[in-house]
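# Coordinate analysis (summary)
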Amino acid sequence: MSEAPLIEYRGVARQFTSRRGTVMACEGVDLTVHRGEFLAIVGPSGCGKSTLLNMAAGLLKPSTGRVFYHGAPVPEPNTLVGYMTQRDTLLPWRTVEDNVAIALELRGQRKTERHRHAHDWIKRVGLSGFETAYPAQLSGGMRRRVSMARTLAYEPETILMDEPFGALDAQLRLVMHDELLKLWAATGTTMVFVTHDLTEAITLADRVAVFSARPGRIRAIETVDLPRPRDVFRIRFDPRFGELHDRLWRYLEESVRGDIMVG
Ligand SMILES: Nc1ncnc2c1ncn2[C@@H]1O[C@H](COP(=O)(O)OP(=O)(O)OP(=O)(O)O)[C@@H](O)[C@H]1O
Ligand SMILES: [Mg+2]
């Protein structure tokens, strides 16, 4: 196929200058995200993972190199992507249903229609009954689920997720993995998913990119050739899962050890 890749990072570096000096977040990043794929990004804290997502969302420009979306420079902002940011961006003065419905409102959907739509997503993330609650009345994990419902309700072409399930307990995390994979399979959405958790990355993704410590560079990209649909509860016991986990763990360990030595 000669189709342009959906997202393409070419020779990307990004530095930040503050009163404390200059920090090179990532460097020399060449990465292609194909249409419809599920790509996971793992790497030590501070290696530029959120920075890379911000660039695909059109919120940040590279210092060096270029980022393309559908073969053209990323629009600012990129309205074709839904972005579940690492930090909670729920509006405290809006109820759960009104937070989830924000994007639908901007899209001009009528009130009854967007409420029906929002309620459907609230149910899918397991929060039925909390439609009229305010974010301050929810636990951290519940707030993450509201953010997820809001991102998914928008039904974007591409979804960027930055450590979306970090605050959830292990069982709920698996339930959310299952939901996310079903949704992804049903819609053909392209997913770029940042996580610290290698098991989560392998369970979900078609490919896993491991980044080095700051400045983040791609250390390895492995294809996860485990069949789909995947049983998120059992897949970690597949011997091929174990092999892949060991291999990726070695790269990650080197990255993390490097990070500790650098300080
Ligand atoms: N707006 C900013 N101004 C100054 N420095 C920044 C800014 N954004 C990021 N940085 C720095 O760039 C580096 C990479 O940050 P980034 O948030 O991309 O890392 P990360 O890989 O997402 O880390 P984590 O896993 O902890 O979320 C860090 O050293 C951070 O301090
Ligand atoms: Mg981050």
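Since this is a predicted model, take the numbers as computed values, not measurements.

## Some remarks on the side chain of His117
- Of note, His117 is situated in helix 4 (residues 111–124).
- Ignoring sequence-local partners within four residues, the contact set of His117 consists of Leu104, Gln109, Ala153 and Glu155.

## Focus on the coordination of the magnesium ion (ligand 2)
- With distances of 2.0 to 2.2 Å, the protein atoms coordinating the magnesium ion (ligand 2) are Ser50 (OG) and Gln86 (OE1). With Ser50 in helix 1 (residues 49–56) and Gln86 in the loop between strand 6 (81–84) and helix 2 (96–100), the pair connects residues that are 36 residues apart, well separated along the chain.
- Among the residues examined, Ser50 registers a relative accessible area of 22% and is labelled partly exposed.
- Its relative accessible area of 42% is what places Gln86 among the partly exposed residues.

## Some details on the sheet that holds strand 4 (residues 64–69)
- Overall, antiparallel pairing links the four strands, which are arranged 2-1-4-5 in an open sheet. The outermost strands of the open sheet, each flanked by one partner alone, are strand 2 (21–33) and strand 5 (72–73).
- Of the strand pairs in this sheet, strand 1 (residues 7–18) and strand 4 are connected by five bridges, and their pairing is antiparallel. Note that in strand 4 the partner of Ala13 across the bridge is Thr64.
- Relative to the sheet, helix 1 contacts strand 1, strand 2 and strand 4, its axis offset from that of strand 1 by approximately 120°.

## Quick look at the domain arrangement of the chain
- For the chain, the domain assignment lists domain 1 (7–80 + 158–262) and domain 2 (89–155).
- Inter-centroid distance (C-alpha atoms) of domain 1 to domain 2 is 25 Å.
- Domain 1 puts 14 residues into the contact, and the matching count from domain 2 is 11 residues.
- Taken together, the two surfaces of domain 1 and domain 2 that pack against each other cover about 990 Å², and 70% of this comes from carbon and sulfur.
- When the area that domain 1 buries against domain 2 is broken down by residue, the three leading residues are Met176, Glu179 and Leu183, summing to 38%.
- Our count for the contact surface shared by domain 1 and domain 2 stands at one salt bridge.
- A salt bridge links Arg124 to Glu179; its shortest N-O distance comes to 3.8 Å.
- One can count three residue pairs in polar contact (both at pLDDT 80 or more) joining domain 1 with domain 2.
- Per element, the largest residue contribution to the side of domain 1 that touches domain 2 is five residues, and it comes from helix 6 (residues 170–187).

## So, the pattern of salt bridges
- By the definition in use, this model includes 15 salt bridges.
- Close ionic contact of Arg247 with Glu222 constitutes a salt bridge, the shortest N to O distance being 3.1 Å. Taken together, the residues span a long stretch of sequence, with Arg247 in helix 8 (residues 239–262) and Glu222 in strand 10 (residues 218–223) at a distance of 25 residues.
- Counted as one network, the salt bridges with shared partners bring together Arg173, Asp197 and Glu200.

## Digging into the site of ligand 1
- The environment of ligand 1 is made up of 14 residues, and the closest members are Ser45, Gly46, Lys49, Thr51 and Gln86.
- Contact between ligand 1 and Gly46: an oxygen atom at 2.8 Å from a main-chain N or O atom of the residue.
- Here Cys47 contributes a backbone N or O atom positioned 3.1 Å from an oxygen atom of ligand 1.
- For ligand 1, whose free accessible area comes to 640 Å², the fraction covered by protein is 65%.
- Among the secondary structure elements, those contributing two or more residues to the shell around ligand 1 are strand 2 and helix 1.
- If one sorts the elements of the shell around ligand 1 by residue count, helix 1 sits on top with three residues.
- By residue class, the composition of the shell around ligand 1 is four nonpolar, seven polar and three charged.

## Re the sheet that holds strand 6
- Read from one edge of the open sheet, six strands run 6-7-8-3-9-10, paired in mixed fashion. With one partner strand each, in any of the chains shown, strand 6 and strand 10 form the two edges of the open sheet. Strand-to-strand twist across the sheet, computed as the mean angle between neighbouring axes with direction ignored, equals 15°.
- Of the strand pairs in this sheet, strand 9 (residues 207–211) and strand 10 are connected by five bridges, and their pairing is antiparallel. In the strand pairing of strand 10, Val210 is matched with Ala220.
- Each of strand 3 (38–42), strand 6, strand 7 (158–162), strand 8 (190–195) and strand 9 is contacted by helix 1, which is oriented at about 155° to strand 7, the strand it contacts most.

Criteria and thresholds
- Residues numbered from 1 in each chain as written.
- Chains lettered and ligands numbered in written order.
- Predicted model: local features only at pLDDT ≥ 70, side-chain atom pairs only at ≥ 80, totals over all residues.
- Heavy atoms only, no water.
- Helix = DSSP H or I, 4+ residues; strand = E, 2+ residues; numbered from the N terminus.
- Contact = heavy atoms within 4.5 Å.
- Donors = N, O, S within 2.8 Å, 3.2 Å for Na, K, Ca; no water.
- Buried < 20%, exposed > 50% of the residue type's maximum accessible area, 1.4 Å probe, protein only.
- Pairing = 2+ DSSP bridges.
- Axes fitted to C-alpha atoms, helices over the stretch in contact; angles between N-to-C directions.
- Domains from an automatic or database assignment.
- Buried area = accessible area lost by both parts, 1.4 Å probe.
- Salt bridge = Lys/Arg side-chain N within 4 Å of Asp/Glu carboxyl O.
- Polar contact = N/O pair within 3.5 Å; in protein donor to acceptor, adjacent residues only side chain to side chain.
- Near = heavy atom within 4 Å.
- Areas by Shrake-Rupley, 256 points an atom, 1.4 Å probe, with all protein chains shown as cover.
- Nonpolar A, V, L, I, M, F, W, Y, C, P; charged D, E, K, R; others polar.

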